[in-house]
Amino acid sequence: MAAGQEHTLVVRPDGTVWATGSNAYGQLGDGTYTDRTNFIQVQGVTHVIAVAAGLSHSLALRADGTVWAWGANYAGQLGDGSGTDSPVPLQIPGLSAVTAIGAGAEHSLVARSDGSLWAWGANGDGQVGNGSTTTRTTPVRVGASLGTLVALAAGSSHSLALRADGTVLAWGAGSSGQLGNGSTARRLVPTVVPGLSGVVALSAGDSHSLALMSNGTVRAWGNNAYGQLGDGTTTNRLSPVTLPTQSGFVAVCAGLSSSLAVRADGTLWAWGSNAYGQLGDGTRLDRFVPTQVGGVGQGRMVAMGSTHSIALLASGVVYAWGGNFLGQLGDGSTNDRATPGLTTIRSGWSVLAGGNAESLWLRPDGTLWVAGENRYGQLGDGTTNDHPTPIQLQGLSNVVDVDAGDFNSVAVLADGTVWHWGYSVGTTPKKVDGLSNVVAISMGVWDALALKGDGTVWTWTPVNATPPSQVMGLTGVVSLATTYLHSLALRGDGTVWAWGQNSYGQLGDGTTTSRSVPAQVAGLTNIIAVSAGVGYSLALRGDGTVWAWGDNSLGQLGDGTGITRYLPVQVANLTGVVSLASGGWHSLALRDDGSVWAWGYNQAGRLGDGTGSTRYTPVRLSLSNIVAIGSGTYHSLAQSADGTLWSWGGNISGQLGNGAADQRITPYKLAGMSHVVDVAGGFQASMALRSDGTVWAWGNVGYTQRTPEQVSGLTQIIAIASGNYHFMALRSDGTVWTWGFSNSSGQLGDGTTSSRFTPLQVPGLTQVAAISAGAEHSLAVRSDGSVWAWGYNGSGQLGDGTTTNRLRPFQIKGLEGIGSVVAGNYHSVALGLDGRVWVWGNNDQGQQGTGQSGSAILVPAPLATPTGVVEVASGGEHLLARRWDGSLWAWGGNGDGQLGTGSSAYVSPPTLVMNSVKSMGAGRWFSFAVRFDGTLWAWGDNDYGQLGDSSTTSRSVPVQVAGQSAVVHVAGGYGHTLFQWSDGSLWSSGSNSSGELGDGSPPANQYIPVQVLVP
């Protein structure tokens, strides 16, 4: 992701670039100069692995090491020597093997694999770094031997480079101290920032600089007029200073006069100028120290523009906030936001494709999932068995595009190779020889098309062995579509070309003469997408209108008639369209408001309007917030913004993926495919938080619930927690809500001991940033770093020096600067922003980490070791801590080996268990760790199979759990475990006596993870 002054860029997992906001100089790269409030795809550039944004220009680095630029060029920042703005990406001549890019306000930087640094653009303060102040309109080499450069950053008039040894180079303007060399003098060549080492990431604002250190701290220097250095002052700093009382950061970025960072626990923190709400704390007050961004968690990546901020969450959704006067937030409006809100760009399912009676779903992680008819092996799973529910296709990874015909399927991998399978090819994918550098494909009934990165089109027929051949007469192509005996190609200049059968006028040339070579479709300009149906064609113009031609006997052209058209006509009453799909005689359109419209033949309910009636003009479906559509011959597909999949129409081979073979005349939501962003495990209950802010619960929730159901009355939730029999939810407005079927100790915090099954707000508690639930007590951290507690206090777990229960929240004295809390059965833990751990409550198993067990500790006490902790977790009587360096420490109860030490004796003080850990979790008597290599490890009690290792053998040392390489978060209950995957799906294992696994199955334990059927 990258943010310019007033525009935003994101790279999707398929390597495409999308942009929103100001387009005055063409910096959105869509071929126009029109501002956009929704994300639109950048034209003509694919396989992108990184982007950078300047004031009004954009850069992209492709996987092949080439660099592309677009937007403003008045200072030569595009590097093509012309000085002319470009609304579409241009390859920068002479640059190859590039490994890193950076964009300043009006200048650009790249590092190559040979260690050389190149720069161009504005140079009034020497920011190009070549020893002069002369503007450069083409790349010039900077320095002779600078060492191996791994990252670049640039501000308005200064530049930074990170070397592989962790040191930093700086050059350009220094008037505010932004070069960090102790002076305000400018430097015309790269100079080492003195006293700075161990740096792992860099970012540059207008005139301030940030460095992320290997120990998780942040150092800052330069302009501090708005507190953007985060040191509590507004004093400029000529040398790097460390942010006080803050650690555990994993990402950092600088805006114009603001800063934004991600901590290891996924929380976001911002400081500096807040005039437009870009700090996301709900105010417009400048902040001189890091302040938590409200309403979001599980952050992974951030970027800041002049007045706006964007964040990518683990679920794949993008949030934005701050100034939006030109649509730079990408939420469909021009309204500023002082708190984070969802944008219109998602990861989700990258491609939806339907064949004759099969469906293909391409996920953003490059995996391919298939369902439906398989008699010819078109699902590619090595069999000819139909699949009524989606299965992952093994043997293919890093897939970037896919399509399905009647009998065959094709896919493109990130390396540009093409694979096909099905009729006459085989039941598993086989590489297509003679094709390389392919970026997109399309599959018809028999013939396939491939679009190469050079804009040429190639064709082959999978059922025979003839090699692919080039379609002559076509260059500069950016998109393809093919179906039953005719094909379409969209060129970068917005024209459409067609060839093949033309008996219904589907080639759009005014005749019914078939053509073996492409001919331009008459009267179409400014086209941005095409789609081909059986005997007809569709085109989407840049103004959001849809045009159609060819067979219209079943209303598939949508012009209100049944008259076949030999030239394009406009589809009636349809504007604001952003995507098209066409199937067997029916058509779909997705509008920019997230609505789906359908028209044409409606046999088997493929239009999804609840009838079987043919429609000659578009009708709106009962779907909202949709971001992608697809269609097969007899069925249709859609994806919601939260990742949910919908299907409808014919289902004779199970192509709808709903486990049945019955047709659906209205959209059907596929189970188990929505984005979960947080999980919590109770005694025999489970909870999941979805990216849309809703909460779902199952298991023993006061009654047995075997599949998830939504908790009513809860919206905009950002965190959840579960005790034995009570539940907590934190809203984005900082309020806490509780419910449960036990409140005997006041754990609901409402001043009573009465249970209730519907959530109510905890009175008197606001501005909360984190929550946790113990067996019968509750904890909350406010945004000011204070800790509040209520409920059962028999072991002193409330930390007030007594053992008296509390029915309402009260502040624990002696704790400040706290970032998160964890509650065990009868003990409590707090993690300070300084990396120190505080513990209080029960100590019968050495939970206090003092080296002794025995009497409870009634007030919080700090642990001597470990320090520099970024994450804590607690089981029933044991505790885990993860340091910034990835080491995992454990102490407390160990009767089932839950500490991973190889014995069953309790441990106190904390002991080192393993290294290279990036996240962890704990159940009642068991533990988990996810390592940096993506592997999942488990140990402790396994009586119910909760470790997920296909056994019921308890483990006293960590063992690797097979088949769980995509886990990002783990939560355990009494005897069950929830595994949250990076794609937002949720899996569970262990005890299922009360339906806590959420798989809808009878009360049978599961020894390997099964998917939770979250709707």
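Residues numbered from 1 in each chain as written. Predicted model: local features only at pLDDT ≥ 70, side-chain atom pairs only at ≥ 80, totals over all residues. Heavy atoms only, no water.

Per an unreviewed UniProt entry, the recorded name for the protein is RCC1-like domain-containing protein, and the organism is Corallococcus caeni.

*Asks:* Talk me through the overall build of the protein; I want residue IDs and the actual numbers.
*Replies:* In terms of helices and strands, the protein carries zero helices and 84 strands. Taken over C-alpha atoms, the radius of gyration comes to 29 Å for the protein, in line with the 31 Å a tight globule of 1015 residues would show. If one aligns the C-alpha atoms of the protein with their principal axes, the spans along those axes are about 95 × 75 × 45 Å. Taken across its 1015 residues, the protein has 64% of its residues classed as buried. A separation of at least 24 residues holds for 48% of the contacts in the protein among residues at least 6 apart in sequence. Entry remark: accessible area of the protein is about 32100 Å², with carbon and sulfur atoms responsible for 49%. Mean positive and mean negative side-chain charge positions of the protein (47 and 62 charges, respectively) differ by 4 Å. (Helix = DSSP H or I, 4+ residues; strand = E, 2+ residues; numbered from the N terminus. Rg over C-alpha atoms; globule rule 2.2 N^0.38 Å. Buried < 20%, exposed > 50% of the residue type's maximum accessible area, 1.4 Å probe, protein only. Contact = heavy atoms within 4.5 Å. Areas by Shrake-Rupley, 256 points an atom, 1.4 Å probe, with all protein chains shown as cover. Lys, Arg positive; Asp, Glu negative; His and termini not counted. Charge placed at Lys NZ, Arg CZ, Asp CG, Glu CD.)

*Asks:* Mind laying out the packing of aromatic side chains, listing which residues take part and the relevant values?
*Replies:* How two aromatic rings sit relative to each other is given by the distance of their centres and the angle of their planes. Counted under the stated rule, the structure contains 17 aromatic pairs. Ring geometry for Phe 683 versus Tyr 974: centroids 4.8 Å apart, planes at 50°, classification tilted. With a gap of 291 residues between them, Phe 683 in the loop between β57 (676-681) and β58 (685-690) and Tyr 974 in the loop between β81 (967-972) and β82 (976-981) connect regions that are remote in the sequence. On the accessibility criterion, Tyr 974 (23% relative accessible area) is partly exposed. Each residue in the set Phe 683, Tyr 725, Phe 741, Trp 925, Tyr 944 and Tyr 974 is aromatic and connected to the rest through ring pairs, giving one cluster. Above the face of the Trp 458 ring, Lys 452 is positioned so that its terminal group lies 4.2 Å from the ring centre. (Phe/Tyr/Trp six-rings, centres within 6.5 Å; stacked < 30°, edge-to-face > 60°. Lys NZ or Arg CZ within 6 Å of the ring centre and 35° of its normal.)

*Asks:* Just give me the short version of the environment of Ser 904, but keep the residues and values in it.
*Replies:* Relative to the helices and strands, Ser 904 is located in the loop between β75 (888-892) and β76 (907-914). It is 57 Å that separates the C-alpha atoms of Ser 904 and Asn 408, two residues lying 496 residues apart in sequence. When residues no more than four places from it in sequence are discounted, the contact partners of Ser 904 are Asn 894 and Gly 895.

*Asks:* Outline the sheet that holds strand β69 (residues 818-823), supporting the account with residue identities and numerical values.
*Replies:* Remark on secondary structure: sheet strands pair via backbone hydrogen bonds, oriented parallel or antiparallel. Across the sheet, which stays open at both edges, the four strands sit in the order β69-β70-β71-β72 with antiparallel pairing between neighbours. Of all strands in the sheet, those with a lone pairing partner are β69 and β72 (854-862), marking the two edges. Looking at each pair of strands side by side, their axes are set apart by 15° on average, direction ignored. Alignment of strand β70 (residues 827-832) against strand β71 (residues 837-843), held across five bridges, turns out to be antiparallel. From the neighbouring strand, Val 829 faces β71, where its bridge partner is Val 839. (Pairing = 2+ DSSP bridges. Axes fitted to C-alpha atoms, helices over the stretch in contact; angles between N-to-C directions.)

*Asks:* How would you sum up the environment of Gln 278? Please name residues and give values.
*Replies:* Its place among the elements puts Gln 278 in the loop between β23 (268-272) and β24 (287-292). Since its relative accessible area comes to 2%, Gln 278 is described here as buried. Here the alpha-carbon distance between Gln 278 and Gly 322, two residues 44 residues apart in the chain, equals 3.9 Å. Leave out the neighbours within four places in its chain, and Gln 278 touches Ser 258, Ser 273, Met 304, Ser 306, Thr 307, His 308, Ser 309, Trp 321 and Gly 322.

*Asks:* Would you mind going over unusual backbone geometry in detail, with residue names and values included?
*Replies:* With the exception of glycine, most residues fall at negative phi, and the peptide bonds are largely trans. The amide bond that connects Thr 865 to the next residue, Pro 866, takes the cis arrangement and shows omega of -5°. Backbone torsion omega between Ser 908 and Pro 909 reads 10°, so that peptide bond is classified as cis. In this fold, Pro 909 is placed in strand β76. We note that Ala 97 has phi near 55°; this positive angle belongs to a residue other than glycine. Exposure remark for Ala 97: the relative accessible area of 31% places this residue in the partly exposed category.

*Asks:* Hey, could you go over the side chain of Gln 847 for me, with residue numbers and the actual values?
*Replies:* Structurally, Gln 847 can be placed in the loop between β71 and β72. Side-chain polar atoms of Gln 847 contact the side chain of Asp 844, separated by 3.2 Å. Excluding anything up to four places from it in sequence, Gln 847 contacts His 827, Val 839, Asn 842, Glu 877, Leu 879, Trp 891 and Gly 892. (Polar contact = N/O pair within 3.5 Å; in protein donor to acceptor, adjacent residues only side chain to side chain.)

*Asks:* Explain the sheet that holds strand β11 (residues 117-121) to me, and be specific about the residues and the numbers.
*Replies:* Judged by pairing direction, the sheet is antiparallel, and its four strands sit side by side in the order β9-β10-β11-β12 without closing on themselves. Of all the strands in the sheet, the pair left with one neighbour each is β9 (98-103) and β12 (136-142). For this sheet the average axis-to-axis angle between neighbouring strands, irrespective of direction, equals 20°. Alignment of β11 against β12, held across four bridges, turns out to be antiparallel.

*Asks:* Any chance you could break down the pattern of salt bridges for me, citing the residues and the numbers?
*Replies:* Going through the model one piece at a time under the given rule, you end up with 15 salt bridges. Measuring nitrogen to oxygen at the nearest pair gives 2.6 Å for the salt bridge that ties Arg 515 to Asp 509. You can call Arg 515 partly exposed: its relative accessible area is 33%. (Salt bridge = Lys/Arg side-chain N within 4 Å of Asp/Glu carboxyl O.)

*Asks:* I'd like a rundown of the environment of Arg 615, residues and numbers included.
*Replies:* Here Arg 615 lies in strand β52 (residues 615-620). It is 6.7 Å that separates the C-alpha atoms of Arg 615 and Tyr 601, two residues lying 14 residues apart in sequence. Those residues in contact with Arg 615 that lie beyond four places of it in its chain are Leu 554, Gly 555, Trp 599, Gly 600, Leu 607 and Asp 609. A polar contact is formed between the side chain of Arg 615 and the side chain of Asp 609, at a distance of 2.8 Å.

*Asks:* Describe in detail the pairing of β82, supporting the description with residues and values.
*Replies:* Across the six residues of β82, six count as buried, placing the element largely inside the fold. Covered by surrounding structure in β82 are His 976, Leu 978 and Gln 980 together with Thr 977, Phe 979 and Trp 981, the residues of both alternating faces. For β81 and β82, the ladder comprises five bridges, and the chain directions are antiparallel. For Ala 971, the partnering residue across the bridge sits in β82 and is Leu 978. What sits between the antiparallel neighbours β81 and β82 is a turn of three residues. Relative to strand β83 (residues 986-990), β82 runs antiparallel, the two being bridged by five bridges. In the sheet register, His 976 faces β83, and the bridge partner there is Gly 990.

*Asks:* With reference to specific residues and values, describe the side chain of Ser 116.
*Replies:* Position of Ser 116 relative to the elements: it lies in the loop between β10 (107-112) and β11. Polar side-chain contacts of Ser 116 include one of 2.6 Å to the side chain of Asp 114. In this structure the side chain of Ser 116 is engaged in a polar contact, spanning 2.8 Å, whose partner is the side chain of Trp 118.

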